[in-house]
Amino acid sequence: MLAGQAMAEGTRAAQPVMLAAETTLNKAEDAVTDTWITSKVKSTFLADSNLSGIDIKVETNKGVVSLSGVVATSAERDLAIAKASEIKGVKAVAADALKTAD
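Each chain carries its own residue numbering, running from 1 in the direction its sequence is written. Given that the model is predicted, a residue must reach a pLDDT of at least 70 before its local features are reported, and side-chain atom pairs must reach 80 or more before they are shown or counted; all residues, however, enter totals for whole chains, interfaces and linings. To get the side-chain values, take all heavy atoms of the structure and skip hydrogens and water.

As recorded in an unreviewed UniProt entry, the protein chain goes by BON domain-containing protein and comes from Ectopseudomonas mendocina.

**What to know about the side chain of Thr-60**
Operational definition: By definition, any uninterrupted DSSP run of H or I lasting at least four residues is a helix, any uninterrupted run of E lasting at least two residues is a strand, and each is numbered from the N terminus. Note on exposure labels: buried denotes an accessible area under 20% of the residue type's maximum, exposed denotes more than 50%, and partly exposed covers the range between, all computed with a 1.4 Å probe on protein chains only. Polar contact is the term for a pair of N or O atoms within 3.5 Å; when the atoms are in protein, one must be able to donate a hydrogen and the other to accept it, and sequence-neighboring residues count only if both atoms are side-chain atoms. Here, two residues are considered to be in contact whenever any of their heavy atoms come within 4.5 Å of each other.
Take Thr-60: it is sitting in strand S1 (residues 56-61). For Thr-60, a relative accessible area of 15% puts it in the buried group. In terms of polar contacts, Thr-60 uses its side chain to reach the side chain of Thr-38, at 2.6 Å. When sequence neighbours within four positions are dropped, the list of residues in contact with Thr-60 reads Asp-34, Ile-37, Thr-38 and Val-65.

**A closer look at the sheet that holds strand S3 (residues 92-100)**
Which entries qualify depends on this criterion: Here, strands pair whenever DSSP counts at least two bridges between them. What counts as an axis is a line fitted to C-alpha atoms, over the stretch in contact for a helix, and the angles between N-to-C directions run from 0 to 180 degrees.
Pairing within the open sheet is mixed, and its three strands lie in the order S1-S2-S3. With one partner strand each, in any of the chains shown, S1 and S3 form the two edges of the open sheet. Neighbour to neighbour, the strand axes of the sheet diverge by 10° on average, direction disregarded. Sheet analysis places strand S2 (residues 64-71) next to S3, joined by seven bridges and oriented parallel. When the bridges of S3 are listed, Ser-66 appears paired with Ala-94. Most of the contacts of helix H2 (residues 74-85) go to S3, to which it runs at about 160°, and overall it touches S1, S2 and S3.

**Digging into the environment of Val-65**
As for its placement among the helices and strands, Val-65 is situated in strand S2. Considered as a pair, Val-65 and Gly-89 are 24 residues apart in the sequence and their alpha carbons are 9.9 Å apart. Sequence-distant contacts of Val-65, that is, excluding residues within four places in its chain, are made with Ile-37, Val-41, Val-58, Glu-59, Thr-60, Ala-84, Val-90, Ala-92, Val-93 and Ala-94.

**Here we look at the pattern of salt bridges**
Counted only if it meets this: Whenever a carboxyl oxygen of Asp or Glu lies within 4 Å of a side-chain nitrogen of Lys or Arg, that contact is scored as a salt bridge.
With the rule as written, the count across this model stands at two salt bridges. Here Asp-48 ties to Lys-83 by a salt bridge, and the two come within 3.6 Å at their closest N and O atoms. Here Lys-83 lies in helix H2 and Asp-48 lies in the loop between helix H1 (2-47) and S1, a separation of 35 residues in the sequence. By relative accessible area, Asp-48 is classed as buried at 12%. The partner of Lys-57 in a salt bridge is Glu-59, with the nearest N and O atoms 3.0 Å apart. Residue Lys-57 is classed as partly exposed on the basis of its relative accessible area of 47%.

Okay, structure coming up:
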């Protein structure tokens, strides 16, 4: 009887640990995903000759990409927003801080 009770108590104690581990893993996956998105957006900008990718700062938080910096024209700004939106995992693009020189 005591062994059965100890086993049941051990199982109950393990559940919160498993939930905590799962939460930590989910947070780690989010961070990796955001990092991957940022890298992918930045490399896409750098590979596009119509964008001054060096001048555009890219940050990602929970799938929302934030663009900042200064680009030459509003067409370049629109292209940056469109290119960022096409990346897998991007939920939205915030470009209020991406200004145009013209």
